[in-house]
Amino acid sequence: MLHNGVGDVRRVFRLIMMVVTLTVVIAAGAVGYMVFSESGGDLSDLNDDGLKNRVSVLLIGADQRPDQKKFSTDTIILASVDPKTQRTSLLSIPRDTRVLLSGHGYKKINEIVSLKDLSTLESTVEELTGEKIAGYVQTNFEGFKKIIDTLGGVTVNVEKDMYYETGDDEDGYINLRKGEQRLNGSKALQYARFRHDALADISRTARQQVVLKAVAKEMFRLSTIPKLPFLVPQLMDAVNTNLSAKDILILSKVAVGFDSSNMVSQTLPGSFLDLDGVSYWKVDPVEAKKVVKDLFQGKTTDKVIDQEHVDLLKPVIPTPTKPLPQVPGNSQDPNGLKSPGHQVSIMVNNT
């Protein structure tokens, strides 16, 4: 136990939990550790055996409204922290990934929470990846924007012009120009949400990784420390987690010596599959576990679509000899007429 009593443990737990979430587990853990230490806390009695083992957390993003109990997940990322190598690994799982859900047959992985719950999504990802997950951390769009605004924005190299009318009341459009730039919360959300191009959600997973790395890098700046009193209340409103106090304290302690540049990311490879008008991302379960094992060793692959080499952030220009790759949700397949979230999109040039 920590020396300051149960009340202090709970208070520190909430603080570190929020900070861990913001910085993709590792970057925030470092800040959480510093804050805790400066407050007089002592982590020296934490069992060192726990500091030797990898800890994996499921990061979940959703456009969940305050009154919603059931919702679909837009972002599913397995974030893993290795104290031995001081490496953070991010595995993005496409929302259309086809999985077997007990009592419902085969479904898209982003439907699980609406049909079951967050814990079922967690166990499904464990089975898919072969990795034991300590818990999940879920956040929403509004919290995401506020956190980045409090940080003062993040620097992102937008790979191309992006324009799309979302139809949302709050975030009604995506409108970004190509080039490296400082993005506020609203603009960063636009970049992380954009999937209306040839690679659809598959390229969006890569953009989400870009934003997460940018947030982690921002949190490592010394200028961020004074902003913590403003960040913590926002995080408390934006985050839902089932992580244990032990895992969060472990993450915080091992994070001290980590570097935000020592982060590797990968989108789970697969291929397009159309069944009765429903389009899926088909993943080989054996290959998925191999990809995870390689990622934990710092190895990534660009063979993400049909075992073909592809740069997910490079604009795709089809040619007669090389047509658009088939992925769920692109212009040739707007999620299938029978797919959840089916939409007919009209692309508008950003001129």
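Model, not experiment: these values are computed from the prediction.

(A) Geometry of the overall build of the protein. On a plain count of helices and strands, the protein comes out with 10 helices and 16 strands. Across the 351 residues of the protein, 53% fall into the buried class. Residue pairs at least 24 apart in sequence account for 69% of intrachain contacts in the protein once pairs closer than 6 positions are excluded. In the structure as shown, the protein presents an accessible area of about 16,300 Å², 50% of it carried by carbon and sulfur atoms.

(B) Broad picture of the nonpolar core. Of all hydrophobic cores here, the largest spans 36 residues; its most connected members are L58, L91, I93, I109, L121, V125 and I305. Those elements giving two or more residues to this core turn out to be β1 (55–62), β2 (75–82), β4 (98–101), α3 (112–115), α4 (118–129), α7 (200–219), α10 (285–296) and β15 (303–305). The biggest single contributor to this core is α10, with 5 residues. L58 has contacts with I76, I77, L78, L121, E122, V125, I133, G135, Y136 and V137, leaving out every residue within four places of it along the chain. Counting residues in hydrophobic clusters, the runner-up holds 21 residues, among them I148, V156, L189 and A214.

(C) Representation of the side chain of K145 within the structure. Among the structural elements, K145 can be located in helix α5 (residues 141–151). According to the relative accessible area criterion, K145 is buried, its value standing at 9%.

(D) Structural detail: the packing of aromatic side chains. With the rule as written, the count across this model stands at 0 aromatic pairs. The side chain of R54 reaches across the aromatic face of F296, ending 3.8 Å from its centre.

(E) How the structure looks around helix α6 (residues 185–193). For α6, the tally of buried residues reaches 7 of 9 residues, placing the bulk of the element in the interior. Three or more residues of α6 are buried, namely G185, A188, L189, Q190, Y191, A192 and R193. Contact partners of the buried residues in α6: α5, β7 (154–158), β8 (162–165), β9 (173–176), β10 (179–183) and α7. Its side-chain oxygen 3.2 Å from the backbone nitrogen of S186, N184 forms the N-cap of α6.

(F) Structural context of the pattern of salt bridges. Overall, the coordinates contain 11 salt bridges when judged by the stated rule. Two residues, D74 and R95, come together in a salt bridge whose shortest N-O distance is 3.2 Å. With a gap of 21 residues between them, D74 in the loop between β1 and β2 and R95 in the loop between β3 (87–92) and β4 connect regions that are remote in the sequence. A relative accessible area of 19% places D74 in the buried class.

(G) Quick peek at the packing of α4 against α10. Where α4 contacts α10, the two axes come as close as 7 Å, and the packing angle between them is 90°. In terms of orientation, α4 and α10 fall into the roughly perpendicular class. Mapping the contact onto sequence places E127, L128 and T129 in α4 and P285, A288, K289 and V292 in α10. Partitioning the contact of α4 with α10 into residue classes produces 4 nonpolar, 1 polar and 2 charged.

(H) Representation of unusual backbone geometry. Unusually for a residue other than glycine, A200 sits at a positive phi of about 45°. If you trace the backbone, A200 turns up in helix α7. Residue classification places A200 among the buried residues on the basis of a relative accessible area of 0%.

(I) Main features of the environment of R98. Looking at the element boundaries, R98 is found in strand β4. On the accessibility criterion, R98 (27% relative accessible area) is partly exposed. A C-alpha to C-alpha distance of 5.9 Å links R98 and W281, two positions 183 residues apart in sequence.

(J) Local environment of the side chain of Q266. By the secondary structure assignment, Q266 is in strand β12 (residues 263–267). Reaching out from Q266, the side chain makes a polar contact with the backbone nitrogen of T301 at a distance of 2.7 Å. Those residues in contact with Q266 that lie beyond four places of it in its chain are L90, L91, S92, Q209, V291, L295, T300, T301 and V304.

(K) Up close: the pairing of β1. Counting buried positions along β1 yields 8 of 8 residues, so the element is predominantly enclosed. Residues V55, V57, L59 and G61 line one face of β1 and the alternating positions S56, L58, I60 and A62 line the opposite face, and both faces are buried. Sheet analysis places β1 next to β2, joined by 7 bridges and oriented antiparallel. Residue L58 lies in a different strand from β2, and its bridge partner there is L78. Summarising the sheet, β1 and strand β6 (residues 135–140) pair through 6 bridges and their orientation is parallel. Of the residues in β6, the one forming a bridge with L59 is V137.

Conventions we followed
- Residues numbered from 1 in each chain as written.
- Predicted model: local features only at pLDDT ≥ 70, side-chain atom pairs only at ≥ 80, totals over all residues.
- Heavy atoms only, no water.
- Helix = DSSP H or I, 4+ residues; strand = E, 2+ residues; numbered from the N terminus.
- Buried < 20%, exposed > 50% of the residue type's maximum accessible area, 1.4 Å probe, protein only.
- Contact = heavy atoms within 4.5 Å.
- Areas by Shrake-Rupley, 256 points an atom, 1.4 Å probe, with all protein chains shown as cover.
- Core = buried A, V, L, I, M, F, W, Y, C linked by side-chain atoms within 4.5 Å.
- Phe/Tyr/Trp six-rings, centres within 6.5 Å; stacked < 30°, edge-to-face > 60°.
- Lys NZ or Arg CZ within 6 Å of the ring centre and 35° of its normal.
- Polar contact = N/O pair within 3.5 Å; in protein donor to acceptor, adjacent residues only side chain to side chain.
- Salt bridge = Lys/Arg side-chain N within 4 Å of Asp/Glu carboxyl O.
- Axes fitted to C-alpha atoms, helices over the stretch in contact; angles between N-to-C directions.
- Parallel < 35°, antiparallel > 145°, perpendicular 65-115°, else oblique.
- Nonpolar A, V, L, I, M, F, W, Y, C, P; charged D, E, K, R; others polar.
- Pairing = 2+ DSSP bridges.

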